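# Chains, contacts and geometry: an overview
Listed here are the chains, written in short residue letters.
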Amino acid sequence: MASSDKDNGWFGGEEEGEEDATVKSCFLSDFSESSETTSLISSLPDVLEDQRTTEITIQKFLVIMNQYQEQPHLLDPHLEWMMNMLLDLIRNDNSPPSLVHLSFKLLFIMCNVRGYKIFMQLLPHEVSDVQPVLDLMSRQDPNDLKTWQTRYMLLLWLSMTCLIPFDLSRLDGHLESNGGKTREPTMYQILNIAKSYLLVDDSPRTAASVLVSKFMTRPDVKQKCLGDFLDWSLTIISQTSGSSVRDARVLDGALQSLAKLFKHGKRDDLLRYAPTILQCLEQKLLSESTEANLRKLSVKLIQRLGLTFLKPRLAAWRYQRGNRSLAANLSMSQPITATTAVTRETETQEQEEYDIPEEVETVIEHLLIGLKDKETIVRWSAAKGIGRVTGRLPKELADEVVGSVLDCFSFQETDNAWHGGCLALAELGRRGLLLPSRLINVVPLIIKSLIFEEKRGACSVGSNVRDAACYVCWSFARAYEPKELNPYVNQIASALLIAAVFDRNVNCRRAASAAFQENVGRQGTFPHGIDILTAADYFAVGNLNNCYLHISVYIAGFPEYTTSLIDHLITMKINHWDSVIRELASKALHNLTPQAPDYMASTVLPQLLTMAVGLDLHGRQGAILACGEITHALYKLGLQTNRTVVDIISPECVDALKNIHHLLLERKQYKGFGGALMRPAIFSLIEKLSLSKMPFKNDPIIDGWQWVIDDTIQTLHLISSGTKDDLTAAVVSALSALCEEYYQDQTGQVDSQMQDALVSRYIEGLRSPQILTRSGSALALGCLPRRMIHSKLKQILDSLQHMCTVSQKEGNFTEARRDAVKSIAQVCMKAGVCAQGSPDSVLCSENITDVYKVLLSSLNDYTMDSRGDVGAWVRKAAMTSLMELTLLVASEAPEILSPDLVKPMMCCLVQQAAEKIDCYRAHAGCVFLRLLHSTEPAVPHIPHREALVNILPVETITTLNWNAASQAYKYIAQLLGLPEYQYHTLLGLCVSAGGMTESTVHFSSQSLFDFLKGIQNDSVALTQFGDTLLRLFRDNLHNQRVSLSLLRVLSQMLSNSCFEIFTTQKDHPFCLDLLNLCKMCKKSKDISKLHACIDVFCELIQFHGDVRKNVLTQLLLLLCHPFPVIRKNTSIQMYEMLLTYDDVIDPEVLDDVMTLLSDTNWENDLATVRPHRNQLCDWLGVPRPQRVAKVTI
């Protein structure tokens, strides 16, 4: 058993993130912040003036206290001195009200962490404290929402002062005040305060109910006020409708006070009022209230009334397991046991003679109704009430109550009733009120509860029932002697293990594991308990796949559990509403088959074959999946004994497996919604039967299977979007296995007729207008076995290459292009490599160039649509295909791998590794390192191999996280120093540095500028870099994706003086070429691109010569751009430019230019702003632009 019930997750369990916090808190061994807390409390008078400082102080104190939420007992040695420090501030007459309220806030924080029941005991409760607390209470405003903590703590404090052992009348003294008015007695002051705060809307209402329970049970108060208070409470309950929020709060206060009063009051004092209160509650019909809290309080009060009706006697007939201590058990003697037995017999006779009031039946009826409530808190309260009340009943009546609880376990009842019934049984068992004679009725119901599940719409209910059933099993482990549970051990153990490994809900699996652990530890009779716990502990069962595919196999290795695990999968999981569970169940049956092969072949498989053609859709799909998995598992077992699968399963089963497709086709169950489930199932069956080498060669069923495969590929666009990818993968796997097994003759030669038909059919599918048909056809060509590709390789590759090339130019069919790229590599790898081979049969020197050409072209696929950069799918597939093909060729025929193929491949991979999307950058980086450091085989002709190895040593394969921009770009930027890689590296870095993602932009631009800083004084290297940059700009001038990012990066480079060495030379070629390229970009209609151009123009002003005049001309032209936003931005950038570079124009006109730029509204119409622009031209010495008349023909 784990350290506590809470750890075992009986009531919900913690998620993974919360577990970490819990583990961290468990390291606390003492309250270590005492000095900090002392300073915080001492500083309270000094922080009042500043509200911000006050809030910070409260927050610091809250953080300290909240650390001990999990271990509040660590605060116990320190609570008193902290409380006294705060109470000193409160009692100080010089303390302003704000300081008093602040002190009470900190007291409330401490109380909330430790719990009011413990904390209030530390509050001072001398006679001298009564009047000051009353005075403080009288000065409070119940409507002040900011000081409710003060009122809450004062009510708790007042509750403690009520415990003084003196009559309250002694505190009154002379009731006449100085003004001659009569002062109200202390007793009635407290009573009026309690009544008033029972009716408020905030938390002090709860504290007021505590006050009532302490105050009304005083001997002097109950004589004078108890009856009147109960009358007042009943009046409140009966006159309040409960339809409004305000009425609900009033009822809440009244019910809370009565529940606590009947909990702490003496039975003799309250018994005469109990029937009246019960009658009032019956008339109020609170069980039908919409407020869950009111229903809970009603159940709580009713159970307290039931305990009041019954004498407080412990049932002598209850089952007692005995002492938990081994030493106590050994010290007990036989004579004492005999005496105890005689005493119990006498007590039983006395209790049997005790008359049970009629009201108890009403109480139990309400509690049984509460067990079926829709809220868990109500059911839990009712279950505890059932346990408490039953413990005071005679044996016969208690047995009737148990029978009524068992009536909750009916399939006519809701899941709420089952859950409430489980909680009640756990309470009864824990208290020894469920006698062993009842276990024969209870255990079967608990077994059913452990697998209880009801489908509701698209999901199911019942996880709370299964969790509660685990709690019942946990409580039984503690309640009964091993000999009592021994007849049911196998049932309970099997049911708990089934829940622990096969339940869909993680909390239920963990609860079942904890219950199993408790039974193993306390009962000691569960078969192989210790061995199983090592594999199926609380944490191991957290992973669903691990439970189904591994833990279940280990458990099934013990014969006691094998059959029960298999049967549960067949009856409950194969037809489960969740497709994930159905698939896991079928895979689990595959793994469990070696544990019971004969049982699977003779019993399970016939059952599944019947379900496979049944009416239930989910059951039909699950059964078909399971049939294939079991058959394949039996085939693998047969290989070990040189038997075929038909030797293991019966001929009837073989025929039934073969006829599944025909029956589905005849019933038209491949169509509609059900078809989306049946098609993947039948494809799985085809694949598994083909792998199992079923004797269906030349059987008509093969044509039927081929038809459903081809029909699915042609109609993929009609399938719901959520299952398309899984369906495509299933159909491809089925086709591959089918072709491998059944499309060859006895000599091992492929059926040429079928080969021609399939290849032609799928090549034709590549020209389909439906993207999914193209995708399916491409994948189908890629999955064909080598014998079917032989002599068709050229035809297949040409078709795939043509589809890739055409669709990339048109910018459509992206998914089909991705799958075609994958298939190209698959086809080539299956065909094999031979340098001098035939291009129609193998990858050779004649066709390798064309293959690499289309794959390298795919690395430049940047297709965009509404989903974003969908071309990345193609690029990723191309990178993988290039890696696989290159390694294959390098190992078998490295001589055909020329430098003209390797160089562009490595350069394109570097570009991809420098780009902005993390996952694709990581994939490119991993592929690049794999090719660079591959030794068997080694990839030839990699440019600058030694330099690359120095920059990216072999350790980076495991240590470098390419997803992290902070790590990747500092390596990539170093490749700028290698001439062969500079162009592509710079292209990728510019796209990243000019992007939108903050972290990517920061680290990529930082790495780029660090490289430029290193070559700042090397004119040759900087000139080469500038030429590469200009070539990059020129090549991508009309490529929006690159040119916009490049302009942004250029602006940053120029503003950071990266080309300062060029400014010393008048009209340097770099700046002239850059200016001309920017002029061409200025013609764009894209606002973002024009903004970036303006930034670059303004930065080019730092160069001397004619380039400066040309820059001013371009900027002045932009001041009359057709777009107002461009005119405005140009004026702003020019203003900042002239502030930065004050040597651009004559100082005599500088002020006039600046004033005109700033004061003119450049968003006005062109006719208004053009004269101002012309004036600027005159001042700057630039010819005024002349309007060009449009020539009409």
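Nothing here was measured: the structure is a model prediction, and the numbers come from that model. (Residues numbered from 1 in each chain as written. Predicted model: local features only at pLDDT ≥ 70, side-chain atom pairs only at ≥ 80, totals over all residues. Heavy atoms only, no water.)

## Some thoughts on a negative patch on the surface
Taken together, E282, E358, E361, E365, E396 and E400 make up a surface patch of like negative charges. Of all elements in the fold, only α20 (359-370) and α22 (395-406) reach the threshold of two or more residues within the negative patch. With respect to the secondary-structure elements, E400 resides in helix α22. (Patch = residues over 30% accessible without salt bridge, like charges linked within 9 Å, V, L, I, M, F, W, Y side chains within 5 Å. Areas by Shrake-Rupley, 256 points an atom, 1.4 Å probe, with all protein chains shown as cover. Salt bridge = Lys/Arg side-chain N within 4 Å of Asp/Glu carboxyl O. Lys, Arg positive; Asp, Glu negative; His and termini not counted. Charge placed at Lys NZ, Arg CZ, Asp CG, Glu CD. Helix = DSSP H or I, 4+ residues; strand = E, 2+ residues; numbered from the N terminus.)

## Focus on empty space enclosed by the protein
Per the counting criterion, the structure on display carries two cavities of 30 Å³ or more. Of the volumes computed, that of the largest cavity is approximately 110 Å³. If you trace the largest cavity, you find 14 residues lining it, with I451, E453, R466, D503 and K573 closest to the centre. Secondary-structure elements contributing two or more residues to the lining of the largest cavity are α27 (489-502) and α31 (559-573). Tallied by class, the residues present in the lining of the largest cavity amount to seven nonpolar, two polar and five charged. Looking at the lining of the second largest cavity residue by residue, the classes come out as six nonpolar, no polar and three charged. (1 Å grid on protein atoms, 1.4 Å probe; cavity = no way out; pocket = protein on both sides within 12 Å on 5 of 7 lines; lining within 4 Å. Points joined across faces, edges and corners; volume = space filled by probe spheres on them. Nonpolar A, V, L, I, M, F, W, Y, C, P; charged D, E, K, R; others polar.)

## What to know about the confidence of the model for the protein
Model confidence for the protein is summarised by a mean pLDDT of 87, while 93% of its residues fall at 70 or above. Under a pLDDT of 50 for its full length, residues 1-26 has, in the predicted model, 43 contacts with residues more than four places off or in other chains. Confidence drops under a pLDDT of 50 for residues 323-351, and excluding neighbours within four residues, the segment shows 17 contacts in the predicted structure. (pLDDT = per-residue confidence, 0-100. Contact = heavy atoms within 4.5 Å.)

## Comments concerning the state of the cysteines
Considering all chains together, one arrives at zero disulfides under this definition. Between C990, a cysteine without a disulfide, and C1058, which holds the nearest cysteine sulfur, the sulfur-to-sulfur distance is 11 Å. What makes C990 buried here is its relative accessible area of 1%. No disulfide involves C1078; its sulfur sits 5.3 Å from the nearest other cysteine sulfur, which is in C1093. (Disulfide = S-S within 2.5 Å. Buried < 20%, exposed > 50% of the residue type's maximum accessible area, 1.4 Å probe, protein only.)

## A closer look at the packing of aromatic side chains
Counted according to the given criterion, the structure contains 21 aromatic pairs. With a centroid separation of 5.5 Å and an interplanar angle of 90°, the aromatic rings of Y554 and F558 are classed as edge-to-face. Chaining the aromatic ring pairs together yields one cluster made of F409, F411, W418 and F452. Looking at R510, its charged tip hangs above the ring of Y538, at a distance of 5.0 Å from the centre. (Phe/Tyr/Trp six-rings, centres within 6.5 Å; stacked < 30°, edge-to-face > 60°. Lys NZ or Arg CZ within 6 Å of the ring centre and 35° of its normal.)

## Observations regarding the layout of surface pockets
Computed from the structure, the largest pocket encloses a volume of approximately 970 Å³. If you trace the largest pocket, you find 43 residues lining it, with Q621, A676, L677, P680 and A681 closest to the centre. For the lining of the largest pocket, the element with the most residues is helix α37 (residues 672-691), which contributes 11 residues. Broken down by class, the residue content of the lining of the largest pocket amounts to 17 nonpolar, 15 polar and 11 charged.

## Description of the environment of I1101
Here I1101 is to be found in the loop between α58 (1087-1100) and α59 (1106-1118). Of the residues examined, I1101 reaches a relative accessible area of 0% and is grouped as buried. Aside from chain neighbours lying at most four places away, what touches I1101 is R1108, V1111, L1112, M1137, Y1141 and V1144.

## Brief notes about helix α60 (residues 1124-1140)
Its 17 residues place the ends of α60 25 Å apart at the C-alpha level, agreeing with the 24 Å of an ideal helix rising 1.5 Å per residue. For α60, the complete set of buried residues consists of I1126, R1127, N1129, T1130, S1131, Q1133, M1134, M1137 and L1138. On the buried face of α60, the contacting elements are α58, α59, α61 (1147-1159) and α62 (1166-1180). (Expected span 1.5 Å × (residues − 1).)

## A short note on the environment of D1146
Considering the arrangement of structural elements, one finds D1146 in the loop between α60 and α61. Sequence separation between D1146 and Y273 is 873 residues, and the spatial gap between their C-alpha atoms is 103 Å.

## With respect to the packing of helix α54 (residues 1019-1035) against helix α55 (residues 1040-1055)
At a closest axis distance of 11 Å, the pairing of α54 and α55 adopts a crossing angle of 150°. Judged by the angle between their axes, α54 and α55 are roughly antiparallel. Where α54 crosses over α55, the handedness of that crossing is left-handed. Across from F1025, L1029, L1032 and F1033 in α54, the residues of α55 making contact are L1046, L1047, L1050 and M1053. (Axes fitted to C-alpha atoms, helices over the stretch in contact; angles between N-to-C directions. Parallel < 35°, antiparallel > 145°, perpendicular 65-115°, else oblique. Left-handed = near helix turned anticlockwise from the far one by under 90°.)

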